[in-house]
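Inside the fold
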Amino acid sequence: VCFIPGGLDCSISFVSHVLGKVCVQGRQKEILGVLVPRLTDLTKSDCIWQRICWRLVECVPDRWMEAVILGFVQRAPGADVLSRLLGNLVVKNKKAQFVVTQKMLLLQYGHTTEVLQNLLGYLSLESLRRTLLLRVLQELLETWSSISAVKHSPAEQQLYISKAILICLSHLKESEIESCRQELLTSMMEGVKCHLDSSLPQLRHLGMVVAESISLKINTEGPVLKFEYEEDDEIRELKSLLVQTPPFCVVPSLPDDDRSEKAGAALPLVPEGNEKPHTAAPVMPDEESDAELDSDDDLIPYDMSEDKELKIRAPVYIRDCIEVLAGSRSEDVDKWEATVKALESLVRKNPAATREVSVELAKILLHLEEKTCIEGFVELRQRAQVAVLTTDPIPVAKYLTSQFYSLNYSLRQRMDILDVLVLAAQELSCPKFHGKTKHSGAQKPCIQLLRGSDSSKDWRRIVDERIKSKTQRFDMGQSRVELASHPNKFNSVAGHFFFPLIQHFDRPLTTFDLLGEDHLVLGRLVHTLAILMYLAVNTVAVTAMGKALLEFVWALRFHTDSYVRQGLLSCISSLLLSVPTERILADMTEELLETQSWLGDVLEKDPDGDCRRLALQNLLLMENLKKKLEAIPS
């Protein structure tokens, strides 16, 4: 930086043009990496240099303003430094105002959390800019509470907007919160509803955290919203954004030892960890202490070291289990627990007796509720249901699939039916799981649908492995040991699992509408059909299943929920992997050509990253299919 002697006037518009031209050419890092630290030091205590710096950025032409502002925001060490460097640029320059309040917050979502903190902290540090902060918060909340934005924008953008909202809330003063309390409450109620309606757990958690934060700000004295969810690193980071770090806690110029001492002196004394402030112990009167001494402390306790807990014997017959589980007497709670724990092994040991009462037992297990706080009850009940279904597949599958579309069932019960069908289908198609009473880590089925949408990732991993196994490789690796072959027991029953589920999806019931508000269950149904299609490889019904599944996918291909679209794309993957090539070419040529065009549109236009990845995977599978066709001699 040069100095002009003699108090001469000068113009720095040429320097501003050079700065803008260099930044827009992609050299922000090189020029601002040197310029920003130098200007930071010069503007600390010199108001003349502050005015020079403000003039420098104000004279940048509008066509280059975005690149310059973005570079300053990214490289400023803090909001206070950015305020010194830019001044009230966003108030004076319309282009700068658009970039800061619209483009970087609502149209882009790739910036880091530190950039967001710099940007919104800059707006909060001066009274003229605080009106822009309130306007930005209002627009962010409108986007966050828009059901269209939640459905059609990627999860990364939703996370970015949620972070911006929490940072804005951390900068609000009490008077500002009071003035916009009603608007905050309205946005909170609308936003949390559309987020909780989402099928993606990440979006539901974002809605919960933001709603909790807004409630905490507008209800400082009364009750606040509180949701139940498992905290992860993402949620902890979001919650930390609601608390501002005081500027005096950061002393960057001090050595490490001195810094800790200064910070300790600046901060108030707060008890560490879970320690609580010591309070004076209450002084007890002499009479009360004497009465306490006269208590029964001098009595000798009974020796109970050799006492043994009475163990309740579990039933040894299937019909006895039905009587216990169907009974309502409260005094049989211990026997009920023992029955639930032993039922799976009993069913697998007595297949003939189970077949006699299989449908009745399946009905009892489907409606079974937890009477006591038994550990792993949901898993125990699910294992017993899978054991009954694998022991007598056709009648039990008919019962479960018919109940899926029946009245008077909760969404949880309908999703339990899908979980059981998938796990039983996998066990039947992979006989190594059959007859295992103890489900160790290696023996558990790979597909677990109990945790919601996470299940799709597990089975997609299996599909990816199968795709790799079909890929030709020219290098010589280690020889593989051939696995022992087993008959596929799913072959003869695949249609009983699949076709009843796909028949009535478009018929709304009084309490159940798959094509309406119950899209979460629709997403689970679509993923279930994809898994059943994948497990039906080499079965007799696989071609008919593939044709029906392709028609099902085509009817729902434009669904607005991203989880449903992911399931539809997974269905295409399963179809291409399971149906024999010659049957695909003979029976589904026209449908596949239309599907290929749709996949291309998804790859280019779908806002969800997983959907684009699955569409690309399906297009590659189709390309492999085409190459295989060309390799066949005519």
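Residues numbered from 1 in each chain as written. Predicted model: local features only at pLDDT ≥ 70, side-chain atom pairs only at ≥ 80, totals over all residues. Heavy atoms only, no water.

If you look the chain up in an unreviewed UniProt entry, it shows as Telomere length regulation protein TEL2 homolog from Callaeas wilsoni. Checking UniProt for the chain, the heading Sequence similarities (unreviewed entry) contains the comment "Belongs to the TEL2 family." (UniProt positions renumbered as here; feature names shortened; annotations may be inferred.)

**Description of the overall build of the chain**
Tallying secondary structure elements over the chain gives 32 helices and 0 strands in all. Taken across its 634 residues, the chain has 45% of its residues classed as buried. Excluding contacts between residues fewer than 6 apart, the proportion of contacts in the chain whose partners are at least 24 apart in sequence is 74%. For the chain, the computed accessible surface area is about 35,700 Å², with 54% contributed by carbon and sulfur atoms. (Helix = DSSP H or I, 4+ residues; strand = E, 2+ residues; numbered from the N terminus. Buried < 20%, exposed > 50% of the residue type's maximum accessible area, 1.4 Å probe, protein only. Contact = heavy atoms within 4.5 Å. Areas by Shrake-Rupley, 256 points an atom, 1.4 Å probe, with all protein chains shown as cover.)

**Overview of the packing of helix H26 (residues 494-503) against helix H27 (residues 519-535)**
Between H26 and H27, the least distance of the axes is 10 Å, while the angle of their chain directions is 150 degrees. Between H26 and H27, the angle falls in the class roughly antiparallel. As for how H26 packs across H27, the hand of that crossing is left-handed. In contact with Phe-497, Phe-498, Leu-501 and Ile-502 of H26, H27 contributes Leu-525, Thr-528, Leu-529 and Leu-532. (Axes fitted to C-alpha atoms, helices over the stretch in contact; angles between N-to-C directions. Parallel < 35°, antiparallel > 145°, perpendicular 65-115°, else oblique. Left-handed = near helix turned anticlockwise from the far one by under 90°.)

**Let's talk about a negative patch on the surface**
A contiguous patch of negative charge, built from Glu-551, Glu-590, Glu-591 and Glu-594, is present on the exposed surface. Considering every element that reaches the negative patch, the biggest residue donor is helix H31 (residues 589-605), with 3 residues. A relative accessible area of 58% means that Glu-551 is categorised as exposed. (Patch = residues over 30% accessible without salt bridge, like charges linked within 9 Å, V, L, I, M, F, W, Y side chains within 5 Å. Salt bridge = Lys/Arg side-chain N within 4 Å of Asp/Glu carboxyl O. Lys, Arg positive; Asp, Glu negative; His and termini not counted. Charge placed at Lys NZ, Arg CZ, Asp CG, Glu CD.)

**A look at the side chain of His-195**
Position of His-195 relative to the elements: it lies in helix H13 (residues 181-196). Overall, His-195 belongs to the buried group, its relative accessible area being 0%. Looking at His-195, its side chain comes within polar contact range of the main-chain oxygen of Gly-191, at 2.8 Å. Apart from residues no more than four positions distant in its own chain, His-195 is found in contact with Trp-144, Val-150, Gln-158, Leu-203, Arg-204 and Gly-207. (Polar contact = N/O pair within 3.5 Å; in protein donor to acceptor, adjacent residues only side chain to side chain.)

**Let's talk about the nonpolar core**
Counting residues in hydrophobic clusters, the biggest one holds 94 residues, and the most contacted among them are Phe-404, Phe-490, Phe-497 and Leu-525. Looking at this core, the element that brings in the most residues is H27, giving 11 residues. If we skip the residues at most four places from it in the chain, Phe-497 touches Leu-389, Pro-393, Ala-397, Thr-401, Leu-421, Ala-424, Ala-425, Leu-428, Phe-490 and Leu-532. Counting residues in hydrophobic clusters, the runner-up holds 80 residues, among them Leu-32, Ala-67, Leu-159 and Ile-167. (Core = buried A, V, L, I, M, F, W, Y, C linked by side-chain atoms within 4.5 Å.)

**Re the packing of aromatic side chains**
Applying the stated criterion to the full structure yields 6 aromatic pairs. Arranged with centres 5.3 Å apart and planes meeting at 80 degrees, the rings of Phe-490 and Phe-497 form a pair that is edge-to-face. In this structure, Phe-490 and Phe-497 share a single accessibility class: buried. Aromatic ring contacts, followed pair by pair, group Phe-404, Tyr-405 and Phe-512 into a single cluster. (Phe/Tyr/Trp six-rings, centres within 6.5 Å; stacked < 30°, edge-to-face > 60°.)

**A word on the packing of helix H2 (residues 28-42) against helix H3 (residues 47-58)**
Interaxial distance between H2 and H3 falls to 9 Å at its minimum, and their mutual angle equals 145 degrees. Between H2 and H3 lies a crossing whose hand is left-handed. In contact with Leu-35, Leu-39 and Leu-42 of H2, H3 contributes Trp-49, Cys-53 and Leu-56. Of the residues in the contact of H2 with H3, the class split is 6 nonpolar, no polar and no charged. (Nonpolar A, V, L, I, M, F, W, Y, C, P; charged D, E, K, R; others polar.)

**Brief notes about helix H23 (residues 393-404)**
Between the first and last C-alpha of H23 there are 16 Å, a value that for 12 residues agrees with the 16 Å anticipated at 1.5 Å per step. Of the residues making up H23, those classed as buried are Pro-393, Val-396, Ala-397, Tyr-399, Leu-400, Thr-401, Gln-403 and Phe-404. (Expected span 1.5 Å × (residues − 1).)

**Observations concerning unusual backbone geometry**
Of note in this structure, Asn-408 is not a glycine but carries a positive phi near 65 degrees. Along the polypeptide, Asn-408 turns up in the loop between H23 and helix H24 (411-429). For Asn-408, a relative accessible area of 71% corresponds to the exposed category. Phi angles above zero are rare outside glycine, and Asn-538 is one such case at about 70 degrees. Take Asn-538: it is sitting in the loop between H27 and helix H28 (542-556). When its relative accessible area of 70% is taken as the criterion, Asn-538 is described as exposed.

**Some remarks on the side chain of Arg-565**
Residue position: Arg-565 is located in helix H29 (residues 562-578). In this structure Arg-565 touches Arg-557, His-559, Thr-560, Asp-606, Pro-607, Asp-608 and Cys-611, once residues within four positions along its chain are discounted.

**Overview of helix H22 (residues 377-391)**
Its 15 residues give H22 an end-to-end C-alpha distance of 21 Å, which sits within 8% of 21 Å, the value for a rise of 1.5 Å per residue. Judged by how many residues are buried, H22 sits mostly within the fold: 12 of 15 residues are covered. Of the positions making up H22, those classed as buried are Phe-377, Leu-380, Arg-381, Gln-382, Ala-384, Gln-385, Val-386, Ala-387, Val-388, Leu-389, Thr-390 and Thr-391. Check the buried side of H22 and you find it contacts helix H19 (333-349), helix H20 (351-356), helix H21 (358-367), H23, H24 and H26.

**Brief notes about the pattern of salt bridges**
Across all of its chains, the model carries 20 salt bridges by this definition. For the salt bridge of Glu-176 with Arg-130, the shortest nitrogen-to-oxygen distance reads 2.7 Å. Here the residue Glu-176 occupies a position in helix H12 (residues 174-179), and Arg-130 occupies one in helix H9 (residues 127-144), the gap between them amounting to 46 residues. Each of Arg-381, Arg-412, Asp-416, Asp-419 and Arg-524 takes part in salt bridges that share partners, so that together they form one network.

**Thoughts on a nonpolar patch on the surface**
A cluster of nonpolar side chains, namely Phe-14, Val-15 and Val-18, defines an oily patch on the protein surface of about 290 Å² accessible area. Secondary-structure assignment places Val-15 in helix H1 (residues 13-24). Classification of Val-15 as partly exposed rests on a relative accessible area of 44%.

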